[in-house]
Amino acid sequence: MLLGSGGHAKSVIDTIEQNGCYEIVGFLDTKEKQNYHYRGYAVIGTDDDLLRLYQEGVHHAFITIGYMGQASIRQTLYQRLKDAKYNIPTIIDASAQIATDASIGEGTFIGKQVIVNADTVIEHMCIINSGAIVEHDCRVAEQVHIAVGAVVCGGVMIGKAAFIGANATILQGKQIGQRAMVGAGSIITKDVEADSMIYNDIKPCIFKIGDRLR
């Protein structure tokens, strides 16, 4: 069972279908989306149907709602699944490269062409989107979203529910605080405080044609 039927759900579905590990029953979503279909999968109820579906034999569920600017929605759904005794798998695309000693928590999605290098820990309920790189010795706390093409260099610590935007780069050894948001394309050369937002901490250098670099 997939909780959420938006764009992130489509990426998860493609990975599940290609991996062939699970049969998708359908979506749970809001009342307004009860007629929605995608690839033959339908919205078959709302979150209020979780207990009924478990009793009917659906024992695996995965949250396919994206970050949406905050992690609280995903966390609330995660707790509801835990309370209802659902199994929450880890979904890893076959094209991803995961080091043998990396650790990936339950409910985490690892997208296409992702690299997770040696001795890195990614906790539960994270999203590591297409083409992202998480280098060696990183620690990524629960509910973190690392967007498309982001690069997290070695030894970086990312706090709970932080967001790393598309094509952002976090240089080695830096710490990103809880719930911090790093904007797309940012290059982070210093620690980022909790509950803060940063777009780029390096000022652009503009050179005229003919200038010599020194």
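Residues numbered from 1 in each chain as written. Predicted model: local features only at pLDDT ≥ 70, side-chain atom pairs only at ≥ 80, totals over all residues. Heavy atoms only, no water.

J.: Looking at this model, I keep getting lost on the overall build of the protein chain. Mind explaining?
T.: Scanning the protein chain from N- to C-terminus turns up three helices and 23 strands. Taking 17 Å as the expected radius of gyration for a compact globule of 214 residues, we find that the protein chain reaches 19 Å, a close match to that expectation. Once the C-alpha set of the protein chain is aligned to its principal axes, its extents read approximately 70 × 35 × 30 Å. Across the 214 residues of the protein chain, 47% fall into the buried class. Partitioning the contacts of the protein chain with sequence separation of at least 6, the portion at a separation of at least 24 is 25%. Carbon and sulfur atoms form 51% of the exposed surface of the protein chain, whose accessible area is close to 11,000 Å². (Helix = DSSP H or I, 4+ residues; strand = E, 2+ residues; numbered from the N terminus. Rg over C-alpha atoms; globule rule 2.2 N^0.38 Å. Buried < 20%, exposed > 50% of the residue type's maximum accessible area, 1.4 Å probe, protein only. Contact = heavy atoms within 4.5 Å. Areas by Shrake-Rupley, 256 points an atom, 1.4 Å probe, with all protein chains shown as cover.)

J.: Would you take a moment to explain the pattern of salt bridges for this structure?
T.: Two side chains with opposite charge may pair up if their charged atoms get near one another. Evaluation of the coordinates by the stated rule reveals 11 salt bridges. Ionic pairing is found between Glu-17 and Arg-39, a salt bridge with its closest N-O pair at 2.7 Å. Note that Glu-17 is positioned in helix H1 (residues 7–19) and Arg-39 in the loop between strand E3 (37–38) and strand E4 (41–42), a separation of 22 residues in sequence. Accessibility expressed as a relative area gives 35% for Glu-17, which makes it partly exposed. On the basis of relative accessibility, which here comes to 41%, the residue Arg-39 falls in the partly exposed class. With its nearest N and O atoms 3.8 Å apart, the salt bridge here joins Glu-142 to Lys-160. Of the two residues, Glu-142 sits in the loop between strand E14 (139–140) and strand E15 (145–146) while Lys-160 sits in the loop between strand E17 (157–158) and strand E18 (163–164), which places them 18 residues apart along the sequence. Given a relative accessible area of 33%, Lys-160 falls into the partly exposed group. A network of salt bridges, in which partner residues are shared, links Asp-14, Glu-17, Arg-39, Asp-93 and Lys-112. (Salt bridge = Lys/Arg side-chain N within 4 Å of Asp/Glu carboxyl O.)

J.: Is there a simple way to think about the sheet that holds strand E12 (residues 127–128) in this case?
T.: Strand pairs in the sheet, formed through backbone hydrogen bonds, run parallel or antiparallel to each other. The strand order across the open sheet formed by seven strands is E6-E9-E12-E15-E18-E21-E23, and the pairing between neighbours is parallel. Strands at the two margins of the open sheet, each flanked by one partner only, are strand E6 (91–92) and strand E23 (197–198). As paired strands, strand E21 (residues 181–182) and E23 are joined by two bridges and run parallel to one another. If you follow Val-182 over to E23, its bridge partner there is Ile-198. (Pairing = 2+ DSSP bridges.)

J.: Can you walk me through the side chain of Thr-46 in this structure?
T.: Mapped onto the elements, Thr-46 comes out in the loop between E4 and helix H2 (50–55). In contact with Thr-46, other than residues within four places in its own chain, are Leu-28, Asp-29, Thr-30, Lys-31 and Gln-34.

J.: Teacher, can you tell me more about the sheet that holds strand E22 (residues 187–188) here?
T.: Pairing in this open sheet of six strands is parallel, and the strands run E7-E10-E13-E16-E19-E22 from one edge to the other. Only two strands of the sheet have a single partner each, and these edge strands are strand E7 (97–98) and E22.

J.: Looking at this model, I keep getting lost on unusual backbone geometry. Mind explaining?
T.: It is generally the case that most residues other than glycine have a negative phi and that most peptide bonds are trans. For Met-125, which is not a glycine, the phi torsion comes out positive at approximately 65 degrees. Within the secondary structure, Met-125 sits in the loop between strand E11 (121–122) and E12. Even without being a glycine, Arg-179 presents a positive backbone phi close to 60 degrees. If you trace the backbone, Arg-179 turns up in the loop between strand E20 (175–176) and E21. The partly exposed category is assigned to Arg-179, whose relative accessible area is 41%.

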